[in-house]
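Chain residues, written in single-letter form:
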Amino acid sequence: MSSKHIETQAIRTQIERSQYLEHSSPLYLTSSYVFEDAEDMRASFADEKQRNIYSRYSNPNTSEFVEKVCQMEGAERGYAFASGMSAVFSTFAALLNSEDHIVSCRSIFGSTQTLFNNILPKWNIATSYFKMDELDTIESLIQPNTRVIYAESPTNPAVDILDLQRLGDIAKKHGLIFIIDNCFATPYLQQPIKFGADLIIHSATKLMDGQGRVLGGVVVGSSNFIQKIYLFSRNTGPALSPFNAWVLSKSLETLAVRVDRHCDSALKVATFLESHKNVNVVKYPFLKSHPQYELAKQQMKLGGNVVAFEIKGGIEAGRTFLNAIKLLSLSANLGDTRTIVTHPASTTHAKIPEDVRLETGITSGLIRISVGLEHPEDIINDLKQALEN
Ligand SMILES: Cc1ncc(COP(=O)(O)O)c(C=O)c1O
């Protein structure tokens with residue numbers, strides 16, 4: 001029996017039971033599968049049969065994970081990858097030809113920027129960028145060879161919100177593939193296919209795993225695009241391991257309850273920060289003061305688990321604040337049970353020229369908090385003592 005509820009889809013989507021009638025899906029650690037006879041083998045390789053051949057192509061655990069994400073995102077088909085970045089790279093490598101062109105939001109994950117700026121140009125694939133608050137410039141960037149519009153919302157690390165419906169309409173009008181990295185929101189908070197997205201990419205490493213254990217990625221969307229991505233990946237080998245797929249599929253069963261709690265605590269943290277004298281600005285999509293609050297409310301069920309704020313005193317104040325943190329973690333990940341605090345200007349984005357940094361909202365005093373599942377009082381107390389240090 002199918003359900004329209006994500007919570008049920010994430011729990012009740014399950015591969016067929018084995019002869020042992022296990023309740024919870026077992027782990028299929030196998031690299032290959034056997035055939036009945038020569039004809040079965042021939043027909044399987046000729047794609048006349050839908051069955052597992054080799055775990056680089058498919059595996060019961062990866063199929064279960066992908067099917068769950070498809071149901072939750074409302075997508076036709078998908079493929080799972082070893083990391084979020086292998087999902088991003090394989091999508092572009094599979095769908096684009098040399099001399100093609102991408103139009104992308106400037107505020108995207110650092111490695112995706114490196115892919116667009118340093119790697120895809122090897123195949124003469126160029127990218128033009130629009131600022132997150134200048135969507136009216138997008139159409140002027142579109143060229144005859146443009147194939148894709150790409151964006152993230154909320155953005156990393158400044159948690160700005162992009163109007164997905166508007167992007168979807170522009171993509172449709174110009175016949176472009178509309179791709180959204182939905183990793184900050186998860187399908188529980190936002191389903192970009194409803195706004196016209198053709199493909200959704202996730203770093204499953206973040207809230208999908210949610211416990212800081214495994215790397216993973218997934219792309220879901222229209223069958224015709226996924227078939228190309230599948231054929232590219234089946235031959236080039238970025239597949240997710242069955243073990244990580246098993247972990248991620250189990251994690252999805254608790255995604256809704258975890259994300260509810262993450263968002264509840266994030267709003268409490270954002271509200272606390274907004275009232276603190278050593279804080280200039282707080283950015284959280286579900287704070288009334290967020291510049292795109294109304295849009296966030298329309299597109300997202302809740303505000304997500306990332307809060308950005310600007311500490312008074314710039315880079316030096318940011319460093320002092322990080323050094324005073326006691327309970328929370330200084331780490332590069334996000335979407336973990338453990339709250340993580342980062343200062344992008346002195347760490348992840350230190351090599352980016354200041355003018356480019358500022359264009360994407362990364363001011364010198366910007367601190368990003370990935371709010372975890374510790375008691376919110378403990379998270380707030382640690383932030384408070386570090387701010388007052
Ligand atoms: C928005 C976004 N997309 C993609 C990635 C890359 O994912 P992974 O680290 O799983 O390769 C990240 C990682 O932080 C991210 O934040």
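Please read these numbers as outputs of a predicted model, since none were measured by experiment.

(A) Quick peek at the overall build of the protein chain. When helices and strands are tallied, the protein chain shows 15 helices and 11 strands. Within the protein chain, the fraction of its 389 residues that count as buried is 56%. Pairs at least 24 apart in sequence give 71% of the contacts found in the protein chain among residues at least 6 apart. Total accessible area on the protein chain is roughly 17100 Å²; 51% of this is exposed by carbon and sulfur atoms. Of the side-chain charges in the protein chain, 38 are positive and 42 negative, and the distance between the mean point of each set is 2 Å.

(B) Structural detail: the environment of Tyr293. Relative to the elements of secondary structure, Tyr293 occurs in helix α12 (residues 293–299). In this structure the C-alpha to C-alpha distance between Tyr293 and Ile119, which are 174 residues apart in sequence, comes to 35 Å. With residues up to four places along the chain from it excluded, the contact list for Tyr293 reads Pro285, Phe286, Leu287 and Lys288.

(C) A look at the sheet that holds strand β8 (residues 279–283). Overall, antiparallel pairing links the 4 strands, which are arranged β8-β9-β11-β10 in an open sheet. Across the chains shown, the open sheet's two edge strands, defined by having one partner strand only, are β8 and β10 (340–342). With strand direction ignored, the average angle separating the axes of adjacent strands in the sheet is 20°. Sheet analysis places β8 next to strand β9 (residues 306–311), joined by 4 bridges and oriented antiparallel. Its bridge partner lying in β9, Lys283 is registered against Ala308.

(D) Region of the structure containing the nonpolar core. Phe65, Leu167, Leu273, Phe309 and Phe321 are the most contacted members of the largest nonpolar core, which has 80 residues in total. Considering every element that reaches this core, the biggest residue donor is helix α11 (residues 255–274), with 9 residues. Those residues in contact with Phe65, other than ones at most four positions away along the chain, are Ala80, Ala204, Met208, Gly217, Val218, Leu240, Ala245, Leu248, Ser249 and Leu252.

(E) Representation of the pattern of salt bridges. Summed over the entire model, instances satisfying the criterion amount to 16 salt bridges. Between Arg51 and Asp40 there is a salt bridge whose closest N-O contact spans 3.5 Å. Of the two residues, Arg51 is situated in the loop between α2 (38–45) and α3 (60–73) and Asp40 in helix α2; the sequence distance between them amounts to 11 residues. A relative accessible area of 27% means that Arg51 is categorised as partly exposed.

(F) Quick look at unusual backbone geometry. The residue after Ser153, namely Pro154, is reached through a cis peptide bond having omega -5°. One can find Pro154 in the loop between β4 (146–152) and α7 (164–173). With an omega dihedral of 5°, the bond running from Asn156 to Pro157 counts as a cis peptide bond. You can see Pro157 is positioned in the loop between β4 and α7. Its identity is not glycine, yet Leu21 carries a phi of approximately 55°, on the positive side. Using a relative accessible area of 65% as the deciding quantity, one classes Leu21 as exposed.

Calculation rules
Residues numbered from 1 in each chain as written. Predicted model: local features only at pLDDT ≥ 70, side-chain atom pairs only at ≥ 80, totals over all residues. Heavy atoms only, no water. Helix = DSSP H or I, 4+ residues; strand = E, 2+ residues; numbered from the N terminus. Buried < 20%, exposed > 50% of the residue type's maximum accessible area, 1.4 Å probe, protein only. Contact = heavy atoms within 4.5 Å. Areas by Shrake-Rupley, 256 points an atom, 1.4 Å probe, with all protein chains shown as cover. Lys, Arg positive; Asp, Glu negative; His and termini not counted. Charge placed at Lys NZ, Arg CZ, Asp CG, Glu CD. Pairing = 2+ DSSP bridges. Axes fitted to C-alpha atoms, helices over the stretch in contact; angles between N-to-C directions. Core = buried A, V, L, I, M, F, W, Y, C linked by side-chain atoms within 4.5 Å. Salt bridge = Lys/Arg side-chain N within 4 Å of Asp/Glu carboxyl O.

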